[in-house]
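Structural characterization, general
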Amino acid sequence: MHGHHHHHHASEQSSEKRIALAFFLNLFFSIIEFIGGILTQSTAIMADAVHDLGDSLSIGTAWVLQRLGRKSANYTFTYGYRRLSLFGAALNGLILLAGSAWVLNEAFNRLNNPIMPVTEGMFLLAILGVCVNGYAAYRLSKGKTLNERVLNWHLIEDVLGWCAVLILSIVLHFFHWPILDPLLSIAFTLFILVNVARMLWSTAKLFFQAVPDTQLLHDVRQTLLSLPGTQAVHHLHLWSLDGEKHVLTAHVVVQADTSISDYQNIKADLQIALAQFNLSHTTIEIELSQEDCRDTGL
């Protein structure tokens, strides 16, 4: 048992180290990108810099939260610290929105008066971008956690973005088509905005305790109603701490003449039935059919 715990702890530390490496690589390279974007006068590189900055923030948040996630729940945070990830996601989204608005403003101004970027600088930055993001993606690809898998996809997107900048730098080196640079930056930024809008909407719903999975709620309700002795279910609430860890509360109504042994069987049935849904926390109140529910509302 001790050996298993030690192995799990070592695995968590390895995961943290991989995420930390990806964070520092991405953050350092984002700074280089912003400087490079200014020096090469390329809005496409600036757009990719905003994208990489967003990924750096996501990776940094994941790293901090993975460390905080090991802390136990306490009297102040009775559900633990997982809900902090929603705050991190919202903050990342707002920073990306501001950065994207700035890049779009620059790009649209360039459409009227396109400036030929320094193609040699673009080419070198693109090569560096593919290498840095590719190496970070390779390191995270060894991870098994959900955090690492999600972040790995972000980094693969970055590699593809830098491949596009690489191709653009080669095209612009041989053809004087400076308008391609702001066009690519607009395409990058719109792609970022679509993803940010989707992320912010998902985050907002979780903040307001919307049901994270309507099919899951339906399945839970049907499962509870199908148990022997269950007459009705109300005050059924399902919400999520962070999009992955879900919480369920419900009132289950049973017959008024339910004996102690039947009551114990119902509790055992509830435990077995709900185990399949892998819920983080469940609170089930069993009510007798003639009993008045003390709660009001749904």
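Residues numbered from 1 in each chain as written. Predicted model: local features only at pLDDT ≥ 70, side-chain atom pairs only at ≥ 80, totals over all residues. Heavy atoms only, no water.

Operational definition: UniProt positions are given in the numbering used here, feature names are shortened, and annotations may be inferred rather than shown by experiment.
In the nomenclature of an unreviewed UniProt entry, the protein chain corresponds to Cation transporter from the organism Neopusillimonas maritima. The UniProt entry for the protein chain carries the following comment under Sequence similarities (unreviewed entry): "Belongs to the cation diffusion facilitator (CDF) transporter (TC 2.A.4) family. SLC30A subfamily." Quoted verbatim from the Subcellular location (unreviewed entry) heading of the UniProt record, the comment on the protein chain is "Membrane".

1. Re the overall build of the protein chain
In plain terms, the rule: Helix and strand labels come from DSSP, where a helix needs a run of H or I of at least four residues and a strand needs a run of E of at least two; each type is numbered from the N terminus. The rule is simple: take the accessible area with a 1.4 Å probe, protein chains only, and divide by the maximum for that residue type; under 20% is buried, over 50% is exposed, in between is partly exposed. By definition, residues are in contact when any of their heavy atoms lie within 4.5 Å. To be clear on the numbers: accessible area is Shrake-Rupley with a 1.4 Å probe, and residue cover counts the displayed protein chains and nothing else.
Assigned secondary structure in the protein chain consists of eight helices and three strands. Traced from its N-terminal end to its C-terminal end, the protein chain shows the element sequence α-α-α-α-α-α-α-β-β-α-β. Oriented by its inertia axes, the alpha-carbon framework of the protein chain measures out at about 85 × 50 × 30 Å. For the protein chain, with 298 residues in total, the buried portion stands at 41%. Within the protein chain, contacts between residues at least 6 apart in sequence are counted, and of these 74% link residues at least 24 apart. As displayed, the protein chain offers around 16,700 Å² of accessible surface, 63% of which is attributable to carbon and sulfur atoms.

2. Topic: the confidence of the model for the protein chain
So the rule is basically this: The quantity called pLDDT is the predictor's confidence in a given residue, expressed from 0 to 100.
Taken residue by residue, the protein chain gives an average pLDDT of 83. The fraction at 70 or more is 91%. Counting interchain partners and residues more than four positions distant, the pLDDT-below-50 stretch residues 4-8 has zero contacts.

3. Points about the sheet that holds strand S3 (residues 281-288)
For clarity, the cut-off: Paired strands, in this sense, are two strands between which DSSP finds at least two bridges. A fitted line through C-alpha atoms represents every axis, and for helices the fit uses only the stretch in contact; the resulting angles, taken between N-to-C directions, go from 0 to 180 degrees.
Within the open sheet, the three strands sit side by side as S1-S2-S3. Their pairing is mixed. Strands at the two margins of the open sheet, each flanked by one partner only, are strand S1 (230-240) and S3. With direction set aside, neighbouring strand axes in the sheet form an average angle of 10°. The pairing of strand S2 (residues 246-254) with S3 spans eight bridges and is parallel. The residue bridging Val 254 from the neighbouring strand is Leu 288, located in S3. Strands S2 and S3 of the sheet are contacted by helix H8 (residues 260-275), whose axis makes an angle of about 150° with S3.

4. Considerations on the packing of aromatic side chains
Rule in force here: Centre distance within 6.5 Å is the pairing criterion for rings of Phe, Tyr and Trp, where only the six-membered ring of Trp is used; planes under 30 degrees apart are then read as stacked, over 60 as edge-to-face, and the remainder as tilted.
Evaluated as defined, the whole model comprises five aromatic pairs. With a centroid separation of 4.8 Å and 35° between ring planes, the pair formed by Phe 77 and Tyr 81 is classed as tilted.

5. Some points on unusual backbone geometry
Positive phi outside glycine occurs at His 235, with the angle close to 50°. Among the residues examined, His 235 registers a relative accessible area of 9% and is labelled buried. Backbone geometry at Asn 278 places phi at a positive 50°, although glycine is not the residue there. For Asn 278, the position within the fold is in the loop between H8 and S3. Asn 278 sits in the exposed class, given a relative accessible area of 68%.

6. Some remarks on the side chain of Thr 189
For Thr 189, the position within the fold is in helix H6 (residues 180-207). On the basis of relative accessible area, Thr 189 is assigned to the buried category, the value being 1%.

7. What about the side chain of Thr 203?
Within the secondary structure, Thr 203 sits in helix H6. In contact with Thr 203, other than residues within four places in its own chain, are Leu 86, Ala 89 and Ala 90.

8. A word on the pairing of S2
Judged by how many residues are buried, S2 sits mostly within the fold: nine of nine residues are covered. Here S1 pairs with S2 via eight bridges, running antiparallel. Bridging from a neighbouring strand, Ser 240 pairs with His 246 of S2. In textbook terms, the turn of a hairpin is the stretch between consecutive antiparallel strands, and for S1 and S2 this stretch comprises five residues, one of which, Gly 243, has a positive phi near 100°.

9. Examining the domain arrangement of the protein chain
Note the threshold: What counts as a domain boundary in this text is fixed by an automatic or database domain assignment. When two parts are put together, the accessible area they lose, computed with a 1.4 Å probe and summed over both, is reported as buried area. We define a salt bridge as a contact between a side-chain nitrogen of Lys or Arg and a carboxyl oxygen of Asp or Glu at a distance within 4 Å.
The domains assigned to the protein chain are domain 1 (7-208) and domain 2 (214-288). A separation of 41 Å is found between the C-alpha centroids of domain 1 and domain 2. Contacts between the two partners involve seven residues from domain 1, matched on the other side by nine residues from domain 2. Buried area between domain 1 and domain 2, both sides added, is near 800 Å², and the carbon and sulfur share of it is 59%. On inspection of domain 1 and its partner domain 2, the count reaches zero salt bridges.

10. Here we look at the nonpolar core
For the record, the criterion: Nonpolar cores were defined as sets of buried Ala, Val, Leu, Ile, Met, Phe, Trp, Tyr and Cys residues, with membership established by side-chain atoms within 4.5 Å.
Ranked by internal contacts, the top residues of the largest apolar core, which has 20 residues, are Ile 45, Met 122, Trp 162, Val 165, Leu 168 and Leu 184. Of all the secondary structure elements, the ones that give two or more residues to this core are helix H2 (43-68), helix H3 (84-112), helix H4 (119-140), helix H5 (146-174) and H6. The element best represented in this core is H5, accounting for five residues. If sequence neighbours within four positions are ignored, Leu 184 has contacts with Ala 44, Ala 164, Val 165 and Leu 168. The next biggest cluster of nonpolar side chains, apart from the first, holds 19 residues, and it includes Leu 224, Leu 248, Val 254 and Ala 273.

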